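Structure at a glance
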Amino acid sequence: MSVEQQVSQYYDTVLKRNPGESEFHQAVAEVLDSLKIILEKDPHYAKDALIERLCEPERQLIFRVPWTDDNGNVQVNRGFRVQFNSALGPYKGGLRFHPSVNVGIIKFLGFEQIFKNSLTGLPIGGGKGGSDFDPKGKSDLEIMRFCQSFMVELHRHIGEYRDVPAGDIGVGGREIGYMFGMYKRLANQHESGVLTGKGLTWGGSLVRTEATGYGLAYFTSEMLAAHGESFEGKKVIVSGSGNVAIYAIQKVQELGGTVIAFSDSSGWVECPNGVDVAKLQDIKEVRRERVSAYVDEVEGATLHTDGSIWDLPCDVALPCATQNELNGEHATKLADNGCKFVAEGANMPSTADAIEVYRARGIHFGPGKAANAGGVATSALEMQQNACRDSWSFEYTDQRLHEIMSNIFKVCAATAKEYGHEGDYVIGANIAGFKKVADAMLAQGVV
Ligand code: NDP
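Residues numbered from 1 in each chain as written. Predicted model: local features only at pLDDT ≥ 70, side-chain atom pairs only at ≥ 80, totals over all residues. Heavy atoms only, no water.

1. A look at the pairing of strand E8 (residues 267–270)
The condition is simple: Two strands qualify as a pair provided DSSP detects at least 2 bridges between them. Secondary structure counts use DSSP, requiring at least four H or I residues in a row for a helix and at least two E residues in a row for a strand, with both numbered from the N terminus.
Pairing of strand E7 (residues 258–264) with E8, which is carried by four bridges, proceeds in the antiparallel orientation. Paired with Phe262 across the two strands is Val269, which belongs to E8. With antiparallel pairing between neighbouring strands as the criterion, E7 and E8 make up a hairpin whose turn holds two residues. When E8 meets strand E9 (residues 302–304), the two strands line up antiparallel, connected through three bridges.

2. A look at the sheet that holds strand E2 (residues 74–85)
Spelled out, the test is: Each axis is a line fitted through C-alpha atoms, and for a helix only the stretch in contact is used; angles between axes span 0 to 180 degrees, taken between their N-to-C directions. When checking whether two residues touch, look at their non-hydrogen atoms; a contact exists if any pair is within 4.5 Å.
Taken together, the five strands give an open sheet; going across it, the order is E1-E2-E4-E3-E5, and neighbouring strands pair in mixed fashion. Strand pairing shows two members of the sheet lacking a second neighbour, strand E1 (59–68) and strand E5 (163–166), which therefore form its edges. Shown here is a sheet whose adjacent strand axes are inclined to one another by a mean of 20°, direction ignored. As paired elements, strand E3 (residues 91–97) and strand E4 (residues 126–131) share three bridges and run parallel to each other. Within E4, the residue paired with Leu95 across the bridge is Gly129. Relative to the sheet, helix H4 (residues 103–119) contacts E1, E2, E3 and E4, its axis offset from that of E4 by approximately 150°.

3. Describing the UniProt feature "binding site: NAD(+)" (unreviewed entry) in the protein chain
Definition in use: UniProt positions are given in the numbering used here, feature names are shortened, and annotations may be inferred rather than shown by experiment. Only protein chains enter the area calculation, which uses a 1.4 Å probe; residues under 20% of their type maximum are buried, those over 50% are exposed, and those in between are partly exposed. Polar contact is defined as a pair of N or O atoms within 3.5 Å, subject to the rule that within protein one atom must be able to donate a hydrogen and the other to accept it, and that residues adjacent in sequence are counted only when both atoms are side-chain atoms.
UniProt's entry tags Thr212 and Asn243 with the feature "binding site: NAD(+)" (unreviewed entry), counted in the numbering of this structure. A maximum C-alpha distance of 8.0 Å is found for the annotated residues, which run over 32 residues; spatially they form one tight group. Setting aside anything within four residues of it in sequence, one finds Thr212 in contact with Val244, Gly345, Asn372, Gly374 and Gly375. Mapped onto the secondary structure, Asn243 falls in helix H8 (residues 243–254). Using a relative accessible area of 36% as the deciding quantity, one classes Asn243 as partly exposed. Among the polar contacts listed, one links the side chain of Asn243 to the backbone oxygen of Thr209, at a separation of 2.9 Å.

4. Examining the site of the ligand
Which entries qualify depends on this criterion: Think of it this way: one heavy atom of a residue within 4 Å of a molecule or strand is enough to make that residue near it. Note on areas: Shrake-Rupley with a 1.4 Å probe; residue coverage comes only from the protein chains shown. Note that Gly is not counted as nonpolar here; it falls among the polar residues with everything else outside the nonpolar set of Ala, Val, Leu, Ile, Met, Phe, Trp, Tyr, Cys and Pro and the charged set of Asp, Glu, Lys and Arg.
Close to the ligand lie 25 residues; Asp168, Thr212, Ser265, Arg290 and Asn347 are nearest. At 3.0 Å from an oxygen atom of the ligand is found a main-chain nitrogen or oxygen belonging to Gly170. Within the backbone of Asn243, a nitrogen or oxygen atom sits 2.9 Å from an oxygen atom of the ligand. Across the complex, the protein chains shield 82% of the 890 Å² of accessible surface that the ligand would expose by itself. Of all elements in the fold, only helix H7 (208–226), H8 and E7 reach the threshold of two or more residues within the shell around the ligand. Tallied by class, the residues present in the shell around the ligand amount to five nonpolar, 13 polar and seven charged.

5. Points about empty space enclosed by the protein
The condition that has to hold: Residues are said to line a cavity or pocket when one of their atoms sits within 4 Å of a point; the points come from a 1 Å grid over protein atoms alone, cavities being sets where a 1.4 Å probe fits but cannot get out and pockets being open sets with protein on both sides within 12 Å along at least five of seven lines. Grid points are joined across faces, edges and corners, and a volume is the space filled by probe spheres set on the points.
All told, the structure shown has one cavity of 30 Å³ or more when counted by the stated rule. What the largest cavity holds in volume is close to 70 Å³. Lining the largest cavity, in full, are Tyr10, Thr13, Val14, Arg17, Asn18, Ile51, Glu52, Cys55 and Glu56. In terms of residue count, the dominant contributor to the lining of the largest cavity is helix H1 (residues 3–17) (four residues).

6. Thoughts on the sheet that holds E8
Pairing is mixed across the open sheet formed by seven strands, whose spatial order is E9-E8-E7-E6-E10-E11-E12. The two strands at the open ends of the sheet, each matched to only one other strand, are E9 and strand E12 (364–366). Pairwise comparison of adjacent strand axes, ignoring direction, gives a mean angle of 15° for this sheet. Across three bridges, strand E6 (residues 235–238) lies against E7 in parallel orientation. Counterpart to Lys235 in the pairing with E7 is Thr258.

7. Considering the packing of helix H14 (residues 374–387) against helix H15 (residues 394–418)
Let me state the cut-off plainly: These descriptions rest on fixed angle ranges, namely under 35 degrees for roughly parallel, over 145 for roughly antiparallel, 65 to 115 for roughly perpendicular, and the rest for oblique. Helix crossings get a hand from a simple test, with the near helix turned counterclockwise from the far one by less than a right angle marking a left-handed crossing and a clockwise turn marking a right-handed one.
Between H14 and H15, the least distance of the axes is 10 Å, while the angle of their chain directions is 135°. Considering the angle they form, H14 stands oblique to H15. Crossing geometry of H14 relative to H15 is assigned as right-handed. Contacts between H14 and H15 involve Gly374, Ala377, Thr378, Leu381 and Gln384 from the former and Thr397, Arg400, Leu401, Ile404 and Met405 from the latter.

8. Overview of the UniProt feature "binding site: substrate" (unreviewed entry) in the protein chain
Per the UniProt record, "binding site: substrate" (unreviewed entry) is found at Lys92, Gln113, Lys116, Gly167 and Ser379. Here Gln113 lies in helix H4. Residue Gln113 is classed as buried on the basis of its relative accessible area, which comes to 4%. Excluding residues within four positions of it along the chain, Gln113 makes contact with Lys92, Gly93, Gly94, Gly126, Gly127, Lys128 and Val376. Gly167 has contacts with Gly94, Leu95, Ile176 and Thr196, leaving out every residue within four places of it along the chain.

9. Examining the packing of aromatic side chains
Stated formally: For Phe, Tyr and Trp, where Trp contributes only its six-membered ring, two rings pair if their centres lie within 6.5 Å, and the inter-plane angle classes them as stacked under 30 degrees, edge-to-face over 60, or tilted in between. By definition, being over a ring means that NZ of Lys or CZ of Arg is both within 6 Å of the ring centre and within 35 degrees of the ring normal.
Scanning the entire structure with this criterion turns up 21 aromatic pairs. A ring pair is formed by Tyr358 and Phe365, whose centres lie 4.6 Å apart and whose planes are at 40°; its orientation type is tilted. Here Tyr358 and Phe365 have matching classes, each one buried. Between the aromatic rings of Trp392 and Tyr396, the centroid separation amounts to 5.1 Å while the plane-to-plane angle is 80°, which identifies the pairing as edge-to-face. Aromatic rings pair up to connect Phe63, Trp67, Phe97, Phe133, Phe146 and Phe150 into one cluster. Directly above the ring of Tyr419 sits Lys41, whose terminal nitrogen or CZ lies 4.5 Å from the centroid. It is Lys251 that lies over the ring of Tyr214; its NZ or CZ is 4.4 Å from the centre.

Structural data, given as structure tokens:
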């Protein structure tokens, strides 16, 4: 059987086993496409049903999360944790609270996480979880009751050496705090390493909040430098205005770029003179308001509720909101307007069509599993600090993050070249991430 046929058989099995899970299918298709190249060269990676095992989570948990709202009504949500692969270390990956969450979305995120975590060079496996709970408009007490109920079930399945969740969309420091409190009560021990993204006085790490956004900026700087460019004087679009977006904007502007637009699900803001990051932080992190508040308070900013943020001419585009937010049409528009670099802060924000356009139009593209790995890498640094009861300075932690992101870029670039696809960082990231996990799985036998 040819490698092409073999890979198409793997994919058919995934489709059959996971009906209706379109995001998971999309993530697997992208990785399998790159793996054809390594399977041609190193057929031993097809041994012992390695690829079939890689595409099948080690464990998938779905559970009921009942909680009581402020009116005394009982609400029921669904909780998920997909423990995908533990070859390199304990399962590691965030929790997402958003009404769109379903098992297919959690599985796509968990699958991506395997390769991302491998690329960090740190000993962490891949997992992901969350709930279809919508935190928007909920009171603090409602959020707390939900988080506590979620943890009543999840606590049985996690632990410092087993599975270490963190935040993602809809889960920040507040939610991690409520979940950690309930875990501590149920386990009757202060097990710092069970969750990351904790508060700084109780086991959290400096730089964890900033890490995904800063890491994206560091990765993109390396990509720019590899093509003789830098952020200096560049016009940059960052979609979203959550945790990843805010710190990407901050670091890009520190590095000399001008962020000319950002967004949330209510619209996008055009700000030709750059973003007032302190104002954006106040609106989003403290007041938890919509982007329209920014336009009311900052001169020169305009709100758009139609069209697309990707219609605006820019040099660099950093999608930092959610999956499939940038399609083939958007990518074509970016290319027509002269955009030369795209790097993903979000997970899988570019559709398969968009990636085709990047390749066809010569846009240099950093895929999320490489470009946004700074968050999980710093989570692993938080685990290291917890394990030795230590806390590192901001400068030291940031320096470690910077080194990790530079190294990820170098590994992706070198692997793409080694396998005959110089400059294709999708292929570089997928193959480099895969090889470490695959070697560990082969060494550990059929488990
Ligand atoms: P946040 O919840 O802090 O922010 C998400 C942002 O994206 C908000 O501005 C939100 O707007 C917007 N958004 C979310 N869903 C949609 C949607 N369906 N349509 C339009 N806008 C949307 O999440 P994060 O910043 O933590 O995460 C953003 C992305 O980065 C996700 O893909 C996540 O998986 C990925 N990521 C996050 C990491 C982290 O460390 N936090 C690490 C690696 C990847 P609104 O408030 O209006 O919904």
